[in-house]
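# Report on the structure
Read off the chains here:
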Number of protein chains: 2
Amino acid sequence: MHSLEKLRWIIDREIEKMDFAGRQPAELYSPVEYILSNGGKRLRPVLALMSCRLFTHDLTECVKPAAAIELFHNFTLLHDDIMDQADMRRGKPAVHKKWNENTAILSGDAMVVLSFNLISSAKPEILPGLLSVFNTTALEVCEGQQMDMNFETNPNVKENEYLEMIKLKTSVLIAAAMKIGAISARANDRDCELMYESGLNLGLAFQLQDDILDLYGKQEDFGKIRGGDILMNKKTILLIKALELADQTTAVSIRRLMNEEQDPGMKVGEMKKILDRLEINLIAWKMAEGYFNKAIRKLYETNSDKAQKNEFADFIHSVMNRKS
Amino acid sequence: MHSLEKLRWIIDREIEKMDFAGRQPAELYSPVEYILSNGGKRLRPVLALMSCRLFTHDLTECVKPAAAIELFHNFTLLHDDIMDQADMRRGKPAVHKKWNENTAILSGDAMVVLSFNLISSAKPEILPGLLSVFNTTALEVCEGQQMDMNFETNPNVKENEYLEMIKLKTSVLIAAAMKIGAISARANDRDCELMYESGLNLGLAFQLQDDILDLYGKQEDFGKIRGGDILMNKKTILLIKALELADQTTAVSIRRLMNEEQDPGMKVGEMKKILDRLEINLIAWKMAEGYFNKAIRKLYETNSDKAQKNEFADFIHSVMNRKS
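Read on for a plain summary of the structure. These numbers come from a predicted model, not from an experiment. (Residues numbered from 1 in each chain as written. Chains lettered and ligands numbered in written order. Predicted model: local features only at pLDDT ≥ 70, side-chain atom pairs only at ≥ 80, totals over all residues. Heavy atoms only, no water.)

## A word on the interface of chain A and chain B
Facing the 34 residues of chain A at the interface are 34 residues of chain B. Per-residue buried area on chain A facing chain B is highest for Leu106, Val113 and Leu139 of chain A; these three make up 18% of the total on that side. Applying the counting rule to chain A against chain B returns zero salt bridges. Taken together, chain A and chain B are joined by 12 residue pairs in polar contact (both at pLDDT 80 or more). Contributions of two or more residues to the side of chain A that touches chain B are made by α2 (26-36), α4 (60-83), α6 (101-120) and α7 (127-151) of chain A. (Contact = heavy atoms within 4.5 Å. Buried area = accessible area lost by both parts, 1.4 Å probe. Salt bridge = Lys/Arg side-chain N within 4 Å of Asp/Glu carboxyl O. Polar contact = N/O pair within 3.5 Å; in protein donor to acceptor, adjacent residues only side chain to side chain. Helix = DSSP H or I, 4+ residues; strand = E, 2+ residues; numbered from the N terminus.)

## What to know about the side chain of glutamine 146 of chain B
Tracing the backbone shows glutamine 146 of chain B in helix α7 (residues 127-151). When its relative accessible area of 3% is taken as the criterion, glutamine 146 of chain B is described as buried. Non-local contacts of glutamine 146 of chain B, meaning those with residues more than four positions away in its chain, are made with Pro25, Glu27, Leu28 and Leu106 of chain A. (Buried < 20%, exposed > 50% of the residue type's maximum accessible area, 1.4 Å probe, protein only.)

## Focus on the relation of the copies chain A and chain B
For the pair chain A and chain B, the relating rotation is 180°, the translation along its axis is 0.0 Å, and the fit reaches an RMSD of 0.0 Å. The superposition of one copy onto the other is thereby described by a two-fold rotation axis. A shared interface surface links the copies, since 100% of the contact residues of chain A are contact residues in chain B too. (Least-squares fit on C-alpha atoms with pLDDT ≥ 70 in both.)

## Thoughts on the packing of helix α9 (residues 189-216) of chain B against helix α16 (residues 306-320) of chain B
Residue and element names in this part refer to chain B. One can describe the packing of α9 onto α16 by two numbers: an axis separation of 10 Å at closest approach and a directional angle of 20°. Considered as vectors, α9 and α16 are oriented roughly parallel to each other. Like other packed secondary-structure pairs, α9 and α16 cross with a definite hand, here right-handed. Along its contact with α9, which presents Met195, Leu202, Ala205, Phe206 and Gln209, the element α16 presents Phe312, Ile316, Val319 and Met320. (Axes fitted to C-alpha atoms, helices over the stretch in contact; angles between N-to-C directions. Parallel < 35°, antiparallel > 145°, perpendicular 65-115°, else oblique. Left-handed = near helix turned anticlockwise from the far one by under 90°.)

## With respect to the side chain of serine 115 of chain B
Take serine 115 of chain B: it is sitting in helix α6 (residues 101-120). Not counting chain neighbours up to four residues away, the residues in contact with serine 115 of chain B comprise Ala68, Leu71, Phe72 and Phe134 of chain B.

## Quick look at the pattern of salt bridges
Residue and element names in this part refer to chain A. This model, assessed by the stated rule, comprises 40 salt bridges over all chains. Across the pair arginine 42 and glutamate 70 runs a salt bridge whose closest N-O atoms are separated by 3.0 Å. Residue arginine 42 is found in the loop between α2 and α3 (43-53), and its partner glutamate 70 is found in helix α4; the two are separated by 28 residues along the sequence. The buried category is assigned to glutamate 70, whose relative accessible area is 2%. Residue aspartate 80 is joined to lysine 169 by a salt bridge in which the shortest nitrogen-to-oxygen separation is 3.9 Å. With aspartate 80 in helix α4 and lysine 169 in helix α8 (residues 159-184), this residue pair connects regions lying 89 residues apart in the sequence. For aspartate 80, a relative accessible area of 12% corresponds to the buried category. Note on lysine 169: relative accessible area 21%, which makes it partly exposed. A cluster of three or more residues bridged by salt bridges with shared partners is formed by Glu61, Lys123, Glu125 and Arg186.

## With respect to the packing of aromatic side chains
By the definition in use, this model includes 11 aromatic pairs over all chains. With a centroid separation of 6.3 Å and 15° between ring planes, the pair formed by phenylalanine 20 of chain B and tyrosine 29 of chain B is classed as stacked. Tyrosine 29 of chain B sits in the buried class, given a relative accessible area of 0%. Aromatic rings pair up to connect Phe72, Phe75, Phe116 and Phe134 of chain A together with Phe72, Phe75, Phe116 and Phe134 of chain B into one cluster. One Lys or Arg, arginine 23 of chain B, reaches over the ring of tyrosine 29 of chain B and ends 5.3 Å from the middle of that ring. (Phe/Tyr/Trp six-rings, centres within 6.5 Å; stacked < 30°, edge-to-face > 60°. Lys NZ or Arg CZ within 6 Å of the ring centre and 35° of its normal.)

## A look at unusual backbone geometry
Excluding glycine, residues mostly have negative phi values, and the peptide bonds linking residues are mostly trans. Backbone torsion omega between glutamine 24 of chain A and proline 25 of chain A reads -5°, so that peptide bond is classified as cis. Following the sequence through the fold, proline 25 of chain A ends up in the loop between α1 (4-17) and α2. One non-glycine residue, aspartate 19 of chain B, lies in positive phi territory at about 50°. Relative to the assigned elements, aspartate 19 of chain B resides in the loop between α1 (4-17) and α2 (26-36). Using a relative accessible area of 41% as the deciding quantity, one classes aspartate 19 of chain B as partly exposed. Phi angles above zero are rare outside glycine, and arginine 42 of chain B is one such case at about 55°. Judged by relative accessible area, arginine 42 of chain B falls into the buried class, the value being 8%.

## What to know about helix α14 (residues 264-277) of chain B
All names here are of chain B. Between its terminal C-alpha atoms α14 stretches 20 Å, which fits the 20 Å expected from 14 residues at 1.5 Å a residue. Of the residues making up α14, those classed as buried are Lys267, Val268, Met271, Ile274 and Leu275. One face of α14 carries all of its buried residues, which in axial projection span an arc of 130°. Of the exposed residues in α14, those oriented more than 90 degrees away from the buried face are Gly265, Lys273 and Arg277. (Expected span 1.5 Å × (residues − 1). Arc of directions from axis to C-beta.)

## So, helix α9 (residues 189-216) of chain A
Residue and element names in this part refer to chain A. For α9, with 28 residues, the first-to-last C-alpha span of 40 Å sits near the 40 Å given by 1.5 Å per residue. Counting buried positions along α9 yields 23 of 28 residues, so the element is predominantly enclosed. In this structure asparagine 188 caps α9, since a side-chain oxygen of it lies 3.2 Å from the backbone nitrogen of arginine 190.

## Section: the state of the cysteines
The term disulfide refers to a covalent linkage connecting the sulfur atoms of a pair of cysteines. Scanning the entire structure with this criterion turns up zero disulfides over all chains. The thiol sulfur of cysteine 142 of chain A is not disulfide-bonded, and the nearest other cysteine sulfur, from cysteine 142 of chain B, lies at 15 Å. Left unpaired, cysteine 192 of chain B is separated from the closest cysteine sulfur, that of cysteine 52 of chain B, by 10 Å. For cysteine 192 of chain B, a relative accessible area of 5% puts it in the buried group. (Disulfide = S-S within 2.5 Å.)

## Quick word on the environment of methionine 195 of chain A
Residues and elements named next belong to chain A. By secondary structure assignment, the location of methionine 195 is in helix α9. Classification of methionine 195 by relative accessible area gives buried; the value is 0%. Along the primary structure methionine 195 and alanine 48 are separated by 147 residues, whereas in three dimensions their C-alpha atoms are 9.8 Å apart.

Next comes the structure, spelled out in C-alpha cells:
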C-alpha cells in the first residue's frame, strides 16, 4: 500500500533524479529547479498515480508520465505568471521576478520540452495513447490561457464561456493526469475515458472552489489576500453569477465597484455584501458540489478495485474540503 | 522527381491543412498563421524531405515530421525575438510588436506543442526514433539560446565556446531535420547518423556564413543593415577570431570600439578596417568551407542514390553560395 506521502515521495524522487540543480547551462536549469521545489502539492501526479493504482499494484510505468504532467503544470505557472504579471508564487518571488522575463520564458520552454521527453520514454504499447492525450491537453491548456486573457477585456463573460475556459485552462490537465494513470495501468478504453471524465468534473469542482475560497476561505490558510480576485476585477464564478442574478440596480452597483478607483478594503467589503445578499456563496458551492459528485460517480463506474476507489474518493474529498 | 518548388509546396500544403487562420481562439492562432506565412525559405523541412528522398521515392511519412521541424523553428524565432528585443522579422513587425509580448509567449508555447503533435502522428515503427532525436534537439536548442544570452555579458567568449553555442542553437535542428528525413525513409542507423553529422556540419557552415555576410554580404540582398552584428556588439566568429589574432594594441582598439559611444557608420567602418587587416573574412570563410566540405563528405558516405546525392549537394551548395 502506498500512502499519500509515499506517492508524493515517488514523484519528488523522479524529479530529483533529473538533477536540474546540476545541469548546464545553470541559468536555464536553476529556475526549473526553483519552481519544482517551491512546495507544490504534486496534486496532478498524485492523482495520476492513484488512478493507476485503481487498476494495478505496479505503479512503475506511471511515474515518468506523472512527472511529465507535473513539469507541464509548472511550465504553465511559470509562463502564466509573466503574462498575468504575478510577482509572487506560493509566498516566494515568481521566476520572472527572481531572475527576469527572458529567463522565465526560456526555462518555461525547456520545461515543456522536458515534459514531452518524459512522456516519450513510455513503452511502445502505451506511447501512442499517452502522447495523444498529452498533446491534446497541452494545446487545450494554451487555448484556455488565451481565453482567460481575452476575458480581461470582456465585460460580459457568460457562465458557459467561463466554464469552457476553466475546463481548458485547468480541468483538462487533471483529467489527463487521471487518464494517463489508467493508460499506464493498461486499463481498458472505457475505464480510461471514465477516469478522464471524472478528472474533468473534479477539475471544474476544484477551480470553482478556488474562486469561492478567494473570498470565503480562511485568509491565513489560503496564503493570499482575501478577495484578491475582486481587487483585480477577475471574472470568477462569483462575479459572473452575481451579474447574472442581479437586478438592474445591483448590476450597476457591481460594475461601478469594478470600474471606479476604490479603497481596497472597501471594494472587497462592498462587493461581498452584494454577493452575500444574492447568496452567491451558496450557489457556487452547489455548482462545485455538483461537479464533484459527478467526478465521484464516474470514478465508481470504473471496473476497478473497490478499496482503492474508496481511498481515491477519500483523497479528493480531503482536497475538496481543505478549507471550506 | 520533386523539384525544390515541389518540396516547398508539400510543406506549405501541410501547414495550410492545419488551418491556423480558422482556429479558435483567434488571438492564439493568428500569430501562428502570421509567422508561418511570412516568407521563410522552409530550409529545414526541405532538407528533411531531400534527406528522405536519398533513400526512398515515397516522401509521405516525412511530411508531418518535416512540418514539425518548421513549426519548432518558427517557435524559436518567436520567443527569441522577444528575448533579443528584435522588433522586425523578415521585413515585417515581429509578433511581440504586431501584437504584444503575452501573445508572442503563448502562441510560441502553442507552436511547441503543435510541433510535438506532428511528430507524434508518425507510425509506431519510427515513432520512438523520431521522438528521441526531436526531444534531444528541442532541449539543446533551448540550451543554445541560453548560452547565446550568456555571451552578451561575457567579454571573453572563446572560439570553442562560440562553436558549441551555434551548434546547439542552430546546427542541431538542421541535423535533426536531416536525420528525421532518413528515419522516415527507414534508412539504417549508420545512414541516419551520417545524415545527422552532415547536418551538424552544414549548420555550422551556414551560421558562420551568416556571421560573415552580416558584414561582407551585399546589403541589398541580405535585407539587413550592413554590420548590424558589430553595432550590437554581437560575439560572432568575426569578432572572436579578431580578438584571438589581434596584438595587444589592436585588441585594445577593438574593445574601445565596442565599449564607447560611436557614430554607427564610423563604428562599422573602423571595425571593418581592423578585421580586413587581420584577414578575418578569409579565415572565417575557410572555417565555413571546412565544415561545409565535411557535410558533403558525410552525405556521400551514405549508402543512397547517387543522383539524389548530387542533387542534395547542389542544393546545399546553392544555399552556401547565395550571397558570397
